[in-house]
Amino acid sequence: MYRILRKERLAPGIWLMKVEAPFVARRAMPGQFIILRVKEEGERIPLTIADYDRQQGWVTIIFQEVGLTTRLLAKLNEGDNILDFVGPLGRPSELDGLKRVLCIGGGVGVAPLYPQIKYLWEKGTSVDVIVGARSKEYLILENEIRGICDNLYITTDDGSYGRKGFVSDVLKELLEQGNKYDTVIAIGPLIMMKVVSGITKQHDVPTIVSMNPIMVDGTGMCGGCRVTVGGEVRYACVDGPDFDGHLVDFDEAMRRQRMYREEEEHICKLMEKLMEKEGL
Ligand SMILES: Cc1cc2nc3c(=O)[nH]c(=O)nc-3n(C[C@H](O)[C@H](O)[C@H](O)COP(=O)(O)OP(=O)(O)OC[C@H]3O[C@@H](n4cnc5c(N)ncnc54)[C@H](O)[C@@H]3O)c2cc1C
Ligand code: FES
């Protein structure tokens, strides 16, 4: 059992949980994730390790309520336990030896980006960051990131904060102004990573994206998480989740992510009815 030490609401439907998990914390590196199960009859879902403290033995996860499991998780409170919490999984991001990096985060993708920005900054790398959100209230980790980068650009789809538009608009401008980056790291919705990779390809800037396919075991045993990269099948849970954005088949990834939509919607409706009945 893994105890929730702190729970914080970062934005509507977006939660941070600090979880006591000393074995995970001891070996966690930026880019890695955990797989958790809320309770006995629950499914396994992957969430990125957003922060960790090796000495104190905790890791944080930041998640968005999008369906049954993330809603059940959001119902837990400080002092409650999560049944399974397996990790760290996946390959750590390759961040050493870089001089100037542009990090781009969209929506809750800002959470997995945060440990990477922190690591790069601690290594003395020059880091520019673009973060995007639907609107001001959905923007997360602004203060935490502001202190650990050279330039922070904020965009909101509706213009309620920062610049109106998409992260890709700022990316285009920065590259057209002649800014040079060793690497662009983009994490967010698949469509955002696809657009970013298209732009950086035109400017010949290496680009790493973090893929978020449906996962089951997270240890390379089932292939549920497969993605096509450079024409080859790769398993995101063991070969990734980071891949070369210029080689990823995003259209296939988007099709695969929608695979269980009907079942997911069905189960959410059932749960809503059940909760209504029980007055939750
Ligand atoms: C490596 C990795 C890291 C991730 N990190 C984060 C994170 O830090 N924060 C965060 O909010 N989300 C993260 N996700 C996505 C997260 O796993 C899904 O939001 C979650 O599984 C949804 O489960 P659900 O039952 O609440 O929703 P559902 O109703 O089951 O699904 C809603 C949508 O979530 C996706 N999804 C469903 N099941 C899975 C699954 N087993 N694996 C992956 N995606 C799934 C699908 O696109 C689906 O359409 C990550 C995914 C991966 C693969
Ligand atoms: S989740 Fe099963 S192989 Fe990756």
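Residues numbered from 1 in each chain as written. Chains lettered and ligands numbered in written order. Predicted model: local features only at pLDDT ≥ 70, side-chain atom pairs only at ≥ 80, totals over all residues. Heavy atoms only, no water.

### A look at the environment of S93
In step 1: Summarising the element assignment, S93 is placed in the loop between β8 (84-89) and β9 (100-106).
In step 2: For S93, a relative accessible area of 11% puts it in the buried group.
In step 3: Along the sequence, S93 and V108 sit 15 residues apart, while their C-alpha atoms lie 18 Å from each other.
In step 4: Here S93 is in contact with P30, G31, Q116 and D242, once residues within four sequence places are set aside. (Helix = DSSP H or I, 4+ residues; strand = E, 2+ residues; numbered from the N terminus. Buried < 20%, exposed > 50% of the residue type's maximum accessible area, 1.4 Å probe, protein only. Contact = heavy atoms within 4.5 Å.)

### Thoughts on the side chain of Q32
In step 1: Along the chain, the position of Q32 falls in the loop between α1 (22-27) and β3 (33-37).
In step 2: Given a relative accessible area of 6%, Q32 falls into the buried group.
In step 3: A distance of 2.9 Å separates the side chain of Q32 from the backbone oxygen of G90, its partner in a polar contact.
In step 4: Beyond its immediate stretch of four places on either side in the chain, Q32 contacts R27, T48, I49, P88, L89, G90, R91 and P92. (Polar contact = N/O pair within 3.5 Å; in protein donor to acceptor, adjacent residues only side chain to side chain.)

### Some remarks on the state of the cysteines
In step 1: Taken as a whole and assessed by the stated rule, the structure comprises 0 disulfides.
In step 2: Between C103, a cysteine without a disulfide, and C149, which holds the nearest cysteine sulfur, the sulfur-to-sulfur distance is 8.8 Å.
In step 3: C103 sits in the buried class, given a relative accessible area of 0%. (Disulfide = S-S within 2.5 Å.)

### As for the sheet that holds β3
In step 1: If you trace the 3 strands from one edge of the open sheet to the other, you get β4-β3-β8, paired in antiparallel fashion. Taken across any chain shown, the strands that pair with only one partner, and hence form the sheet edges, are β4 (45-48) and β8. Averaged over neighbouring strand pairs, the angle between their axes works out to 25° when direction is ignored.
In step 2: Inspection of the sheet shows β3 paired to β8 by 4 bridges, in the antiparallel sense. (Pairing = 2+ DSSP bridges. Axes fitted to C-alpha atoms, helices over the stretch in contact; angles between N-to-C directions.)

### A short note on the pairing of strand β2 (residues 14-20)
In step 1: Along β2, 6 of the 7 residues are buried, which leaves the element largely enclosed by surrounding structure.
In step 2: For strand β1 (residues 2-11) and β2, the ladder comprises 6 bridges, and the chain directions are antiparallel. Each residue of the ladder has a partner; that of R9, found in β2, is W15.
In step 3: Of the pairings in the sheet, the one linking β2 to strand β6 (residues 58-64) comprises 7 bridges and is antiparallel in character. The residue bridging L16 from the neighbouring strand is I62, located in β6.

### Structural notes on the packing of helix α6 (residues 190-202) against helix α8 (residues 250-257)
The packing of two helices is summarised by the inter-axis angle and the distance between the axes.
In step 1: Interaxial distance between α6 and α8 falls to 10 Å at its minimum, and their mutual angle equals 180°. The angle between the axes of α6 and α8 places the two elements in the roughly antiparallel class. Between α6 and α8, the contacting residues are L190, I191, M193, K194 and S197 on the first element and F250, D251, A253, M254 and Q257 on the second.
In step 2: Of the residues belonging to the contact of α6 with α8, the class tally is 6 nonpolar, 2 polar and 2 charged. (Parallel < 35°, antiparallel > 145°, perpendicular 65-115°, else oblique. Nonpolar A, V, L, I, M, F, W, Y, C, P; charged D, E, K, R; others polar.)

### Notes on the pattern of salt bridges
In step 1: Within the structure shown, the criterion is met by 9 salt bridges.
In step 2: Residues E20 and R3 are paired through a salt bridge, measuring 3.7 Å at the closest nitrogen-oxygen approach. In this pair, E20 sits in strand β2 while R3 sits in strand β1, placing the two residues 17 residues apart along the sequence.
In step 3: On the basis of relative accessibility, which here comes to 38%, the residue R3 falls in the partly exposed class. (Salt bridge = Lys/Arg side-chain N within 4 Å of Asp/Glu carboxyl O.)

Keep in mind that these numbers describe shape and distance, not what the molecule does.
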